[in-house]
Amino acid sequence: CLEDSPPPMPVVTLIAAVLVLALSWFIGKFFINGRGGEQRARPPLGTATQETVITVMRGLLWLLTPVEIPLLAAWNAAPLQWKYSAARMGFSLLVNLNRILGLKLGNHPSLSIEAHAISSMMRFAKYLPMNLRRARLALNGIETGYPPVPGVPVVYIKDIKSYYIHSAVDKEAKAETKGEGSSIDAGGDTTPVLLYFFGGAFVGGSAKGNIGAATRIGRTIGCDVLAVETTTFPEGTITEAFADAMKAYEWVLEQRPPEKIAVLGISSGGGIATYTLQRALEKKMPMPAGLILLSPWLVYSLDDFEDFKSICNNTMIDFVVNPRVYEFVFPQMAAICEGEEKRKQFSPFYG
């Protein structure tokens, strides 16, 4: 839908793509070590050289903060069409550079050239110190990759801070938020609804930024989608996110019979979805037709390390929860859960 938009700043994008690829190759060639295997409540330690690289990058980014902040603000304020075109062009450049140079930086040589290009970016990210500003920039990237779909009406339901996407019906409308409402007024009672909880490690992401991705899922399986805007930290805590989710579930039960409702949760959204249905079951509320969990985050406590160790030990090969993301998010979990003693209580894995 946005492919005809002219790509902005081609020279800058080219330079950025070359720098990311070069730094990724350099890091992979000289600094990447194994994934580690000891049981620990933190990611495997890197070599002394790796730790030095990370320390140097932290210092450089601190010095560049006066430049980083306005640049990120300008990127966030840029039209979505420009960001979409820039992202497409940047990734295309990375793919072509990998192909021309014969680089295979992925976890296995048999992967596609696109997978190797993604590995180039994500390998670099393993050494990029994380903060809230950068985390939210990365998490908001889903809107850049999957922009809203033209012709699909979206209504903001103010009472539950959610976006109702009419993805199961064909209507001529702009792919933008169309006013506000309090109930579903299209599709009829027979239209299935997917309750959609976005991912973001409780610190970022948004329902609005996931409208494009949620729309594509809804159109593929033939249903409408209710994308729920759950509270993130530090603006709120996990209890507020759970409360937002429960309010949305109660609302959708008023609009559709339970057999016409499915629930989907991604990452931390998978934990929110699971916890919500657990509490709904305790209240003897109707259960939906199905629950779909994509890489759900279900354990927030360190009490039982056997239930937690994979997320610690696999950070060096995990594209999303890499060591820098782990170091940023997990020390905040006590505050997110409103106290160290509540981390296990709120973990859906334990019911």
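Higher on the page you've got the structure.
Residue numbers run consecutively from 1 along every chain, following the written order of its sequence. Whole-chain, interface and lining totals are the exception, using all residues; otherwise, since this is a predicted model, local features are given only for residues with pLDDT of at least 70 and side-chain atom pairs are given and counted only at 80 or more. The basis for every side-chain value is the complete set of heavy atoms in the structure, and neither hydrogens nor water enter the calculation.

Q: Would you mind going over the overall build of the chain with me for this structure?
A: Scanning the chain for helices and strands turns up 13 helices and 7 strands. Of all 351 residues assigned to the chain, the portion counted as buried reaches 46%. Any two residues whose heavy atoms approach within 4.5 Å are treated as being in contact. Of the contacts formed within the chain by residues at least 6 apart in sequence, a portion of 74% connects residues at least 24 apart. If you sum the accessible surface of the chain, you get close to 17,200 Å²; carbon and sulfur atoms cover 61% of it. By the criteria applied, helices consist of DSSP H or I runs no shorter than four residues and strands consist of E runs no shorter than two, each listed in order from the N terminus. Exposure classes here rest on a 1.4 Å probe applied to the protein chains alone. A residue is buried below 20% of its type maximum, exposed above 50%, and partly exposed in between. Computed with a 1.4 Å probe, the accessible areas rest on the Shrake-Rupley method; for each residue, only the protein chains presented here act as cover.

Q: What's the story with the packing of aromatic side chains in this structure? I'm lost.
A: By convention here, two paired aromatic rings are described through the distance between centres and the angle between planes. Any two of the Phe, Tyr and Trp rings considered here, Trp counted by its six-membered ring, make a pair once their centres fall within 6.5 Å; the pair's planes then place it as stacked at under 30 degrees, edge-to-face at over 60, or tilted in between. Under the criterion given, the structure shown has 10 aromatic pairs. Here F202 and Y300 contribute two aromatic rings whose centre-to-centre distance is 5.4 Å and whose plane-to-plane angle is 90°, an arrangement assigned as edge-to-face. Placement of F202 in the loop between β4 (193–197) and α8 (211–221) and of Y300 in the loop between β7 (290–294) and α11 (309–313) is noted, with a sequence separation of 98 residues between them. Residue F202 is classed as buried on the basis of its relative accessible area, which comes to 5%. Note on F349 and Y350: the rings are 5.3 Å apart at their centroids and 90° apart in plane angle, and the pair reads as edge-to-face. Put simply, the rings of F202, W297, Y300, Y326 and F330 pair up and form one aromatic cluster.

Q: What is the right way to look at the environment of V154 in this model?
A: Looking at the element boundaries, V154 is found in strand β1 (residues 154–157). Residue class for V154 comes out buried when judged on its relative accessible area of 3%. For the pair formed by V154 and I165, sequence separation is 11 residues and the distance between their alpha carbons is 4.6 Å.

Q: Explanation requested: the environment of D318 in the structure shown.
A: Relative to the assigned elements, D318 resides in the loop between α11 and α12 (323–329). Separated by 195 residues in sequence, D318 and R123 have C-alpha atoms that sit 9.7 Å apart.

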